[in-house]
Amino acid sequence: MTFAGAIGIPKAFNVTTLLIFLCSLGVVSLKPVIYSTDKADKALIWSFLVFGISLILASIADLLEARGFDKPSRFLLAIPVLFLLLRSKGPKDWLWYGVVIGAILAFLLALYERIVLGVERASGGEHPIMFGDTAMMLGWLSFVAAAFFFSEKRSVWVAIALFAGLSGMGASVLSGSRGGWVAVPFIGLFMFWQCRDLLGKKHLFKLFLSASLLVVIAVAVPQTGIQKRVGEAVSNIDQYLDGTKTGTSVGTRFDMWKASIHMFQESPIFGVGASQVQPIKRELADQGRININAVPYDHAHNEYFHALSTRGLVGLLLLLMVYLVPMKLFLRKLHNYKDNWRVRSYAIAGALIPMCYMDFALTQSMFMHNIGVMMYAFPIVFFWAALRWAEREELEKESSV
């Protein structure tokens, strides 16, 4: 339900994650199902726990109001959900149905907003960047779903999942969110490499040609808006570098990053604190060092620069931890299950989430938005639990032989 309603049904992810969290409150009364927390489970739990607490402590040190605890708490609330799922067992394949439905609904909503409502950028009730980046992630997860269904020889669902993958990317294009497009070739190559043995050279070559053709068409057709958005970015960069116009979309980002570096230099270890971001930027604007357009934003439109400026080197290292620990755990499972797609598919999906977020973080502070936190922490928990369920099934098969 979380995936299915992620952005196709505005704010639905809030309801679904709340429901599963409420279910997790009764986890202590559940009888374990062949349950034992191993080192990998603990590493994931500790990464969420340490990161969440660090953000709360940073808010306390910065004398922010209780609202500063809201988004960090989501990492903590995902932990009991993980305990619930590790002690349970359910229809894990439904994750793929949810992902596929979510990507298609996002595309339909984006089409409605662009064609019927006539808006310039689809947003689905969220910020266009958040909508577009989340749609892109759902698209990639749908392609993993297609690989899973292909391994199960379920042709109809392969076709539906492939359509969903294109739908997720289509919704991203209709949102005009350029940041999510940067990693397409890199994550695409990762996907092709992971699926090389499953698909075989013949299918892999056909798929690569089809994907390349679709990218060329998407860029070439003016109605997609890709040409326009990329052209605007190039023009903005030229205008910023020659000093003719610095208040553009890209120019404002550059000034926010410049301000973040200044803040980091003022307090390199622990940062200046979130409450000082706008006052310092206002001071820099008064000095003519950045454009006034950069002042109203309370973040740097870059997760790395935001962490570096507000929480210093400590904050940046903790941010990298919450990306790299889950990604390493999933990639390790990929190495352990080279030929078993009943496990492998969940590992690929789980690894893609931090990969996507590390890309999105280049142009957006994802964790400054409720949907950004929720659609990172909970999906990682869901796919990790599904992976562990799949491992259990393999162990049960081996023990019964």
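Residues numbered from 1 in each chain as written. Predicted model: local features only at pLDDT ≥ 70, side-chain atom pairs only at ≥ 80, totals over all residues. Heavy atoms only, no water.

A.B. asks: What's the story with the overall build of the chain in this structure? I'm lost.
C.D. replies: When its secondary structure is counted, the chain shows 14 helices and zero strands. A globule of 401 residues ought to have a C-alpha radius of gyration of about 21 Å, and the chain, at 22 Å, matches this closely. When its C-alpha atoms are laid out on the principal axes, the chain stretches across 75 × 50 × 35 Å. Intrachain contacts of the chain at a sequence separation of at least 6 include 76% that bridge at least 24 residues. A total accessible area of about 18,200 Å² is found for the chain, and carbon and sulfur atoms account for 68% of it. Placing the 37 positive and 28 negative side-chain charges of the chain at their respective mean positions leaves the two points 6 Å apart. (Helix = DSSP H or I, 4+ residues; strand = E, 2+ residues; numbered from the N terminus. Rg over C-alpha atoms; globule rule 2.2 N^0.38 Å. Contact = heavy atoms within 4.5 Å. Areas by Shrake-Rupley, 256 points an atom, 1.4 Å probe, with all protein chains shown as cover. Lys, Arg positive; Asp, Glu negative; His and termini not counted. Charge placed at Lys NZ, Arg CZ, Asp CG, Glu CD.)

A.B. asks: Looking at this model, I keep getting lost on the nonpolar core. Mind explaining?
C.D. replies: Membership of the largest hydrophobic core comes to 111 residues, with the highest contact counts inside it found for Phe 48, Tyr 357, Phe 367 and Phe 383. Setting aside anything within four residues of it in sequence, one finds Phe 367 in contact with Phe 51, Lys 71, Phe 75, Glu 303, Leu 319, Val 322, Tyr 323, Tyr 357, Gly 372, Val 373 and Tyr 376. One finds Val 277, Ala 285, Ile 290 and Ala 294 within the second-largest nonpolar core, a separate group that totals 13 residues. (Core = buried A, V, L, I, M, F, W, Y, C linked by side-chain atoms within 4.5 Å. Buried < 20%, exposed > 50% of the residue type's maximum accessible area, 1.4 Å probe, protein only.)

A.B. asks: Is there a simple way to explain the packing of aromatic side chains in this structure?
C.D. replies: Aromatic ring pairs are described here by two measures, namely the spacing of the ring centres and the angle between the planes. Summed over all chains, the structure comprises 27 aromatic pairs. Three or more aromatic residues link up through ring pairs in this structure, and these residues are Phe 3, Trp 96, Tyr 97, Phe 148, Phe 149, Trp 157, Tyr 346, Phe 378, Phe 382 and Phe 383. Directly above the ring of Trp 193 sits Arg 196, whose terminal nitrogen or CZ lies 3.7 Å from the centroid. Its guanidinium or amino end placed over the ring of Trp 341, Arg 344 lies 5.6 Å from that ring's centre, counting from NZ or CZ. (Phe/Tyr/Trp six-rings, centres within 6.5 Å; stacked < 30°, edge-to-face > 60°. Lys NZ or Arg CZ within 6 Å of the ring centre and 35° of its normal.)

A.B. asks: Would you mind going over the state of the cysteines with me for this structure?
C.D. replies: Two cysteines joined by a covalent bond between their sulfur atoms form a disulfide. Counting across every chain of the model gives zero disulfides. Here Cys 195 stays unpaired: no disulfide links it, and the sulfur of Cys 356, its closest cysteine neighbor, is 14 Å away. (Disulfide = S-S within 2.5 Å.)

A.B. asks: Sorry if this is basic, but what is going on with the side chain of His 262 here?
C.D. replies: Its location among the elements puts His 262 in helix α10 (residues 249–266). Among the polar contacts made by the side chain of His 262, one reaches the side chain of Glu 266 at a distance of 3.1 Å. (Polar contact = N/O pair within 3.5 Å; in protein donor to acceptor, adjacent residues only side chain to side chain.)

A.B. asks: How should helix α8 (residues 196–220) be read in this particular structure?
C.D. replies: Residues lying three or four places apart along an α-helix face the same way, a consequence of the helix completing one turn every 3.6 residues. The terminal C-alpha atoms of α8, which comprises 25 residues, lie only 29 Å apart, well short of the 36 Å expected from a rise of 1.5 Å per residue. Maximum bend of α8: about 80°, positioned at Lys 202. Of the residues making up α8, those classed as buried are Leu 198, Leu 199 and Leu 204. Of the surrounding elements, those touching the buried residues of α8 are α5 (128–151), α7 (184–194) and α13 (341–360). (Expected span 1.5 Å × (residues − 1). Bend = angle between axes of the 7 residues up to and from the residue.)

A.B. asks: For this particular structure, what's the right way to read unusual backbone geometry?
C.D. replies: Generally, phi is negative for residues other than glycine and the peptide bonds are trans, each holding for most cases. The phi angle at Lys 153 is positive, at roughly 60°, despite the residue not being glycine. As for its placement among the helices and strands, Lys 153 is situated in the loop between α5 and α6 (155–175). Positioned with a positive phi, His 301 is a non-glycine residue whose angle comes to about 55°. With respect to the helices and strands, the residue His 301 is situated in the loop between α11 (277–286) and α12 (303–336).

A.B. asks: What is the right way to look at the confidence of the model for the chain in this model?
C.D. replies: Detail in the predicted coordinates should be disregarded across regions flagged by low pLDDT. Predicted confidence across the chain gives a mean pLDDT of 87, with 95% of residues reaching 70 or more. Here helix α9 (residues 226–241) is the element of the chain with the lowest mean pLDDT, 75, and α12 is the one with the highest, 95. (pLDDT = per-residue confidence, 0-100.)

A.B. asks: What exactly am I supposed to notice about α6 here?
C.D. replies: In this model α6 runs 30 Å from its N-terminal to its C-terminal C-alpha over 21 residues, within 8% of the 30 Å that 1.5 Å per residue would give. Remark: Gly 176 follows α6 within two positions and exhibits a positive phi of approximately 70°.

A.B. asks: So what exactly am I meant to see when it comes to the packing of α12 against α13 here?
C.D. replies: Packed helices, taken two at a time, are described by the angle their axes make and the gap between the axes. At their nearest, the axes of α12 and α13 sit 8 Å apart, and the two run at 165° to each other. Taken as axis vectors, α12 and α13 run roughly antiparallel relative to one another. For α12 against α13, the interelement crossing comes out left-handed. Residue-level inspection shows Tyr 304, Tyr 323, Leu 324, Met 327, Phe 330, Leu 331, Lys 333 and Leu 334 of α12 in contact with α13, the latter providing Arg 344, Tyr 346, Ala 347, Ile 348, Gly 350, Ala 351, Pro 354, Met 355, Tyr 357 and Met 358. When the residues that make up the contact of α12 with α13 are grouped by side-chain class, the tally is 15 nonpolar, one polar and two charged. (Axes fitted to C-alpha atoms, helices over the stretch in contact; angles between N-to-C directions. Parallel < 35°, antiparallel > 145°, perpendicular 65-115°, else oblique. Left-handed = near helix turned anticlockwise from the far one by under 90°. Nonpolar A, V, L, I, M, F, W, Y, C, P; charged D, E, K, R; others polar.)

A.B. asks: I keep staring at the environment of Pro 72 and nothing clicks. Help me out?
C.D. replies: Inspection of the secondary structure puts Pro 72 in helix α3 (residues 70–86). Through-space distance from the C-alpha of Pro 72 to that of Ser 54 is 8.4 Å; in sequence the pair is 18 residues apart. Beyond its immediate stretch of four places on either side in the chain, Pro 72 contacts Gly 52, Leu 55 and Ile 56.

A.B. asks: When you look at the environment of Lys 245 in this model, what are you seeing that I'm missing?
C.D. replies: Within the element layout of this structure, Lys 245 appears in the loop between α9 and α10. What Lys 245 contacts, discounting residues up to four positions off in sequence, is Gln 239 and Tyr 240.

A.B. asks: Help me understand the packing of helix α4 (residues 94–116) against α6, please; the structure alone is not making it clear to me.
C.D. replies: The geometry of α4 relative to α6 is characterised by a closest axis approach of 8 Å and an angle of 40° between their N-to-C directions. Judged on the interaxial angle alone, α6 and α4 are oblique. α4 and α6 meet at a crossing whose hand is left-handed. Contacts from Tyr 97, Val 100, Ala 103, Ile 104, Ala 106, Phe 107, Ala 110, Leu 111 and Arg 114 in α4 reach Trp 157, Ile 160, Ala 161, Phe 163, Ala 164, Ser 167, Gly 168, Gly 170, Ala 171, Val 173 and Leu 174 in α6. Among the residues making up the contact of α4 with α6, the classes are represented as 16 nonpolar, three polar and one charged.

A.B. asks: Would you mind going over the pattern of salt bridges with me for this structure?
C.D. replies: Side chains that carry opposite charge are capable of pairing whenever their charged atoms lie near each other. The tally for this structure, following the rule as stated, stands at nine salt bridges. Here Arg 388 makes a salt bridge to Asp 41, at a shortest N to O gap of 2.8 Å. Here Asp 41 lies in helix α2 (residues 39–61) and Arg 388 lies in helix α14 (residues 370–400), a separation of 347 residues in the sequence. No difference in accessibility class separates Arg 388 from Asp 41, as the two residues are buried. For the salt bridge of Asp 255 with Lys 258, the shortest nitrogen-to-oxygen distance reads 3.9 Å. (Salt bridge = Lys/Arg side-chain N within 4 Å of Asp/Glu carboxyl O.)

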